[in-house]
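Here is how the chains run, residue by residue.
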Amino acid sequence: ARALTPQTAETDAIRFLVGTQSLRYDNQIHIIDFDDENNIINKNVLLHQVGEIWHISTSPADKGVLATCYNKTSDTKVMTCAAVWRMPKELESGSHESPDDSSSNTQTLELLCHLDNTAHGNMACVMWEPMGDGKKIISLADNNILMWDLQESSAKAVLSSSTALEGKGQLKFTSGRWSPHHNCTQIATANDTTVRGWDTRSMRQIYCIENAHGQLVRDLDFNPNKQYYLASCGDDCKVKFWDTRNVTEPVKTLEEHSHWVWNVRYNHSHDQLILTGSSDSRVILSNMVSISSEPFGHMVDDDELSDQEDQHQEEKIKEPLQDSVIATYEEHEDSVYAVEWSSADPWLFASLSYDGRLVINRVPRALKYHILL
């Protein structure tokens with residue numbers, strides 16, 4: 001397995017979706033519900049009969065809708081296609097009920113529409129407009145950025161605009177992220193060693209970070225609280241943080257992994273918490289507080305402090321907190337291809353390795369209270 005996503009529209013129950021990559025069997029989407037109180041994982045399985053799942057993303061507005069990128073084999077050619085699906089009604093929201101007999105009730109996803117890529121090439125990923133009503137999606141196909149409007153309750157996808165990456169050689173996008181800032185009018189894409197920003201209204205490039213990494217860029221993520229901050233990671237084993245207003249140098253670089261870094265994710269609520277997964281089989285949780293929206297910790301009201309405390313507090317405020325690795329998780333025995341924060345619990349995250357192992361972890365309690373108190 002390589003594909004993992006939180007169910008974005010589900011903010012009450014802890015739920016992740018995993019897509020399988022099997023050549024021999026029908027592929028599946030596993031709906032993983034984590035019952036926090038009893039520490040139990042419940043699983044429902046949906047059949048995804050069209051092929052191996054390379055990427056999965058969920059609608060921000062509709063709990064039942066998701067998109068997958070998958071391999072389709074036709075006459076010796078393998079194409080990566082994308083489609084939008086609906087899960088069965090009774091599975092839409094996170095429940096803690098596990099089916100009694102899982103063998104008999106494997107259900108199938110309902111196909112809503114295909115994102116037709118015959119003219120554009122292989123689909124790398126599908127991104128939903130972050131704050132949207134679930135009607136706008138962007139897909140990256142080879143060197144094309146395609147903007148789609150989902151119509152008729154998502155049963156039809158109309159291509160509303162597109163642009164292509166121009167240049168020498170076989171240009172291909174590896175990944176992209178839609179920025180939650182600037183009214184959702186910007187996306188960032190990775191191709192080869194370059195990171196580019198695009199304005200979705202004009203489909204024009206607005207910034208370009210050439211040689212952002214020494215080797216292939218694998219993943220990107222936007223800081224949810226600071227509008228110009230972007231994280232990237234890649235095959236040079238590094239994670240870099242950029243201010244997109246000045247792209248000549250990264251603001252910070254993390255060099256904790258010993259192999260390709262496949263994934264980087266900002267915590268949705270506390271942007272100093274950064275999660276990375278790598279094919280060194282490790283998941284690393286870092287505290288990048290110096291470039292977060294609270295570089296000096298929480299500000300305290302003057303009225304609450306006595307004189308002595310006041311002086312002490314002022315000294316403390318002048319000192320920015322130190323960046324550090326909080327924890328390294330080594331439960332995986334294979335390459336970690338995906339890490340994701342839960343959309344319901346800001347202290348909980350999941351990681352997925354190629355052998356199909358899904359691990360759910362939480363931020364160490366001491367750090368959680370340090371951030372909160």
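Residues numbered from 1 in each chain as written. Predicted model: local features only at pLDDT ≥ 70, side-chain atom pairs only at ≥ 80, totals over all residues. Heavy atoms only, no water.

## A few points about the side chain of lysine 368
Looking at the secondary structure, you find lysine 368 in helix H2 (residues 365-372). The contacts of lysine 368, once residues within four sequence positions are left out, are Trp347 and Val363. (Helix = DSSP H or I, 4+ residues; strand = E, 2+ residues; numbered from the N terminus. Contact = heavy atoms within 4.5 Å.)

## Some points on the sheet that holds strand E20 (residues 239-243)
The strand order across the open sheet formed by four strands is E18-E19-E20-E21, and the pairing between neighbours is antiparallel. Both edges of this open sheet fall to strand E18 (217-222) and strand E21 (252-254), since each of them pairs with a single strand only. Going from strand to strand, the sheet's axes swing by 20 degrees on average, the running direction of each strand aside. Sheet topology note: the E20/E21 ladder contains three bridges and is antiparallel. Counterpart to lysine 240 in the pairing with E21 is threonine 253. (Pairing = 2+ DSSP bridges. Axes fitted to C-alpha atoms, helices over the stretch in contact; angles between N-to-C directions.)

## Side note on the nonpolar core
Core analysis: the largest hydrophobic core is formed by 17 residues, its most contacted members being Val84, Leu115, Met123 and Ile137. For this core, the secondary-structure elements that each account for two or more residues are strand E6 (65-74), strand E7 (77-86), strand E9 (110-115), strand E10 (123-128), strand E11 (136-141) and strand E12 (144-151). Excluding residues within four positions of it along the chain, valine 84 makes contact with Val65, Leu66, Ala67, Glu110, Leu111, Leu112, Cys113, Leu115, Trp128, Ile137 and Leu150. Within the second largest apolar cluster, 15 residues are counted, among which are Ile29, Ile53, Tyr70 and Leu109. (Core = buried A, V, L, I, M, F, W, Y, C linked by side-chain atoms within 4.5 Å. Buried < 20%, exposed > 50% of the residue type's maximum accessible area, 1.4 Å probe, protein only.)

## Remarks on the pairing of strand E1 (residues 3-6)
Residues of E1 alternate between two faces, with Ala3 and Thr5 on one and Leu4 and Pro6 on the opposite face, all of them buried. Sheet analysis places E1 next to strand E2 (residues 14-19), joined by four bridges and oriented antiparallel. Paired with threonine 5 across the two strands is leucine 17, which belongs to E2.

## Considering the domain arrangement of the protein chain
Domain assignment breaks the protein chain into domain 1 (1-91 + 106-164) and domain 2 (166-293 + 318-372). On a C-alpha basis, the centroid separation for the pair domain 1 and domain 2 is 21 Å. Facing 40 residues of domain 1, the contacting portion of domain 2 comprises 38 residues. Of the roughly 3100 Å² buried between domain 1 and domain 2 on both sides combined, carbon and sulfur atoms contribute 73%. Here domain 1 is connected to domain 2 by one salt bridge. (Domains from an automatic or database assignment. Buried area = accessible area lost by both parts, 1.4 Å probe. Salt bridge = Lys/Arg side-chain N within 4 Å of Asp/Glu carboxyl O.)

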